[in-house]
Amino acid sequence: MRFIFGVLLFGAGLETGRVWASPSPVATPALLSPSSSSLSPAPASSIEPDPLFSIRDLFSDNVTYSVRLHHSGKKVLFLAPWEGNSNLYTAEVDDIENPKLVTTFKEKTIRASWTFLDDVMLIIADVNGDENNQYFSVDCSGNSTRAQTEGAHADWTVEGCVVTPLVSAPGVRGVFVAASPRDPENLILGMNDRNPQFFDLYKVNVRTGERELVFQNDAFLSFEFDQDLNLRLASGLNGTDTVWSLITETGEKVPFKRFTLDDGMGNYPLAFDATGEILFFTDVAGRDIPALMSANVSDPHNVHSERVVFTHPLTEIRSVLQHPTTKKVEATKFEYTTPEWTAVEGAPESMRKALEILRANPHGPIESIERSLDDKTWLVTFGPTDGPVTYAIFDPEKATEGGEGLDALRVLFVSRPYLEDLPLAAMEPLLIPSRDNFTLVSYITLPRWEQERRARGEEPQPYPMVLMVHGGPWSRDRYRYSTYHQIFANRGYAVLSVNFRGSSGFGREFLTAAFGEWGGKMQKDLLDAVAWAVENNYAKANQTCIFGGSYGGYATLAGLTLTPEAFTCGVSLVGISSLISFLDTFPSYWLPFRNNTIVRLGGDPATKEGRAFLESRSPVYHVDQIRRPLLIVHGANDPRVAQAESEQIVAAMQNHSIPVAYLLFEDEGHGLSKEPNRLAFLAAMEAFLAANLEGGRCACEPELLADARAVARADTLALLGGEAPSPSPVPSEGETETETETEVEEGRWGETEAAEGQSVTAQRGEGLIGDA
């Protein structure tokens, strides 16, 4: 299913630190500057702590990623550095050492994929984090109908490649919807140029950019097309219910499925098979965990042969693997604690054999699989928790010839080869009980030297801990490599990620148990996990710092205001400080979800009771309770959580004479995509942790800390080891509230993490990426 909208926030997780006792008004210790830093001693051990990594080792753009297989199986494309920015390359599978540069972007953040035309690629570009995604085709085949690239786009592609804008108007957001090898010259793209609230659907020629309106949309939120690029299914809201409608040849919309809000978020149309008769979808009807289903929908008025294809007792499926031409589902990926793949009933024996061989590989769990159209070449991605991602070519025919089959697997390259020389720490899955008997699937990473001590049978030692809270909240933490886990474990911390109630993938009951529980039971799940880690000798008591992005940033702010003694410190990245201003600033294309969001939050700001409830759960209304150090970080162009969410809590803290450190990145949005900004933030954060958690370590690289001070709001600069400016008049509390209310920017619930966190994705072998 290609999602036009996703109903969740997304952000990096953030950590927690030690309890910091201080009389009010709070006197926050400064972040460590290079001149004043010192390495705190690590716990006594028979094994010496590892050397400190440079932040650059883990957070630089020196990485090869987003690898996509060409439909022929002969080539791949990928993103890799060029002059300090990630750019697009292509390479022959049999000549991977000689890639060809395609783009020369200096600043833009891009994604890329193949189209079904030879040597024609699709590029999605984001400018400064505003997420009004622009779409371009890049034709390097030599067969373009246009002689050369025109206008401003000529400066970011190499000679011999022609750029054609597909969606590039200012303020217009494009979304990918469908593509098919049966119509290789065209894509289905959505654009909100006519009605900002909804996306009209266009058939767009990838060579010429010419477009034809396919569906004028004033009601629907997501769509499914068949292999002939005919619109077959549309999904929209009726009140808070989700309704799927099948589309007939005459354009009639026939209701097919209806799901209430209490049915959760695990119900998705996935794809049609090649005949266009069979629809694959997930459905929670009569279950707690949604099942993978199929049905014959050739006659929308007479749907029949509905059957269960696959179910799992504990978790929802994460993706499906379809045959590249028949489009039948042959395997599914699911993840309770760790990722697993299994062939579905009726899949060919060759699929079962292939998955058995791939599971036995030495490179880590299988993350993804792409297949060429002739199914003779697979691109397989492996993701260990303590090493770089490995990209490999797999020959399924060779795998069925007998033997162990691993000779059918050939490594192309790894994402970050220099990580292979670093002593990285492995992630450990945990099952932590909540106080009301939910099971919280969680992940912890200890310093590598402590893992070695425990493996030798030595007495376990607890460590100061960083609690990382994922965004969404309708997303989830996963068993995979995490740069945050690695850098903080290297600094001498235990790092804990918790799938609290409301996290996706664990069934209807677990998800709906979060309704009305922002700042309530969702927060208690985090507290229960910290208490469990202390009790089980992973974490030191009163030495946890909470850190999170987006919803995780909200959880950080809630942790320091609603439970002011629970955490030692907090770091909020693009966090929500007021549930009321958050709801009041929905952009037009979020408005269809507003009623659903009100139900999930538990209060309607239009009613007296609802507004009072939301205030009770909004950190900005409780800043006088803050007793612990706080670092706040935001991107000025954030379209999901407005910059004003951070501005207003910073202003409120200053009105109460509570010190706060605030970093504002003018060229970022919902998160930090640019390397210099990531490095500056991490430098500030590691110094912040070392200043507030006992036993942590800090490299405190002077150049990076100077970059952090350069983006610090002037009146918080002193807390970053810089010189404090002359004091300026502090507005009264009433004045501050008025000003920040008027400055609230439009936020947007993003769909980038929808496929990652809550939806099921179809891995179809064609290598095209959409916004889901």
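Quick caveat: nothing in here was measured; it's all calculated off a predicted structure. (Residues numbered from 1 in each chain as written. Predicted model: local features only at pLDDT ≥ 70, side-chain atom pairs only at ≥ 80, totals over all residues. Heavy atoms only, no water.)

Visitor: Quick one: what's the story with the sheet that holds strand S20 (residues 278-283), residue by residue and with numbers?
Guide: Read from one edge of the open sheet, 4 strands run S19-S20-S21-S22, paired in antiparallel fashion. Bordering the open sheet on either side are strand S19 (269-272) and strand S22 (304-310), each of which pairs with just one other strand. Adjacent strand axes in the sheet meet at a mean angle of 25°, parallel and antiparallel pairs treated alike. Pairing between S20 and strand S21 (residues 291-296): 6 bridges, direction antiparallel. Residue pairing for S21: Leu279 is matched across the bridge by Ala295. (Pairing = 2+ DSSP bridges. Helix = DSSP H or I, 4+ residues; strand = E, 2+ residues; numbered from the N terminus. Axes fitted to C-alpha atoms, helices over the stretch in contact; angles between N-to-C directions.)

Visitor: Describe unusual backbone geometry, naming the residues involved and giving the relevant values.
Guide: Residues Gly472 and Pro473 are joined by a peptide bond in cis, for which omega reads 0°. When you line up the elements, Pro473 lands in the loop between strand S32 (463-469) and helix H5 (483-490). Unlike most non-glycine residues, Ser66 shows phi in positive territory, near 50°. Phi at Lys327 takes a positive value of approximately 65°, unusual for a residue other than glycine. Among the secondary structure elements, Lys327 is positioned in the loop between strand S23 (317-322) and strand S24 (329-335).

Visitor: How would you sum up the nonpolar core? Please name residues and give values.
Guide: Proteins that are soluble and globular tend to have nonpolar side chains buried together. Among the nonpolar cores identified, the biggest contains 87 residues, and Phe223, Leu467, Leu496 and Trp518 are the most heavily contacted of them. If you look at the next biggest cluster of nonpolar residues, it comprises 45 residues, including Cys545, Phe665, Leu672 and Cys700. (Core = buried A, V, L, I, M, F, W, Y, C linked by side-chain atoms within 4.5 Å. Buried < 20%, exposed > 50% of the residue type's maximum accessible area, 1.4 Å probe, protein only.)

Visitor: Break down the state of the cysteines for me, with residues and values.
Guide: In the structure shown here, the tally under the stated rule is 3 disulfides. One disulfide in the model links Cys140 with Cys161; its S-S distance is 2.0 Å. What sets the handedness of the Cys140 and Cys161 disulfide is the S-S torsion sign, and at about 115° it is right-handed. Separated by 21 residues along the polypeptide, Cys140 in the loop between strand S9 (134-139) and strand S10 (162-167) and Cys161 in the loop between S9 and S10 bring together distant segments of the chain. Residue Cys140 is classed as partly exposed on the basis of its relative accessible area of 22%. By relative accessible area, which is 10% here, Cys161 ends up buried. (Disulfide = S-S within 2.5 Å.)

Visitor: Which residues make up the sheet that holds strand S13 (residues 200-205), and what values go with them?
Guide: Pairing is antiparallel in the open sheet, where 4 strands are placed in the order S11-S12-S13-S14. Every other strand in the sheet has two partners, leaving strand S11 (174-179) and strand S14 (211-215) as the edge strands with one partner each. Neighbour-to-neighbour, the strand axes of this sheet turn through a mean angle of 35°, independent of strand direction. Bridge count between S13 and S14: 4 bridges; the pairing is antiparallel. From the neighbouring strand, Leu201 faces S14, where its bridge partner is Phe215.

Interpretation note: all reported values are geometric properties and have no functional meaning in isolation.
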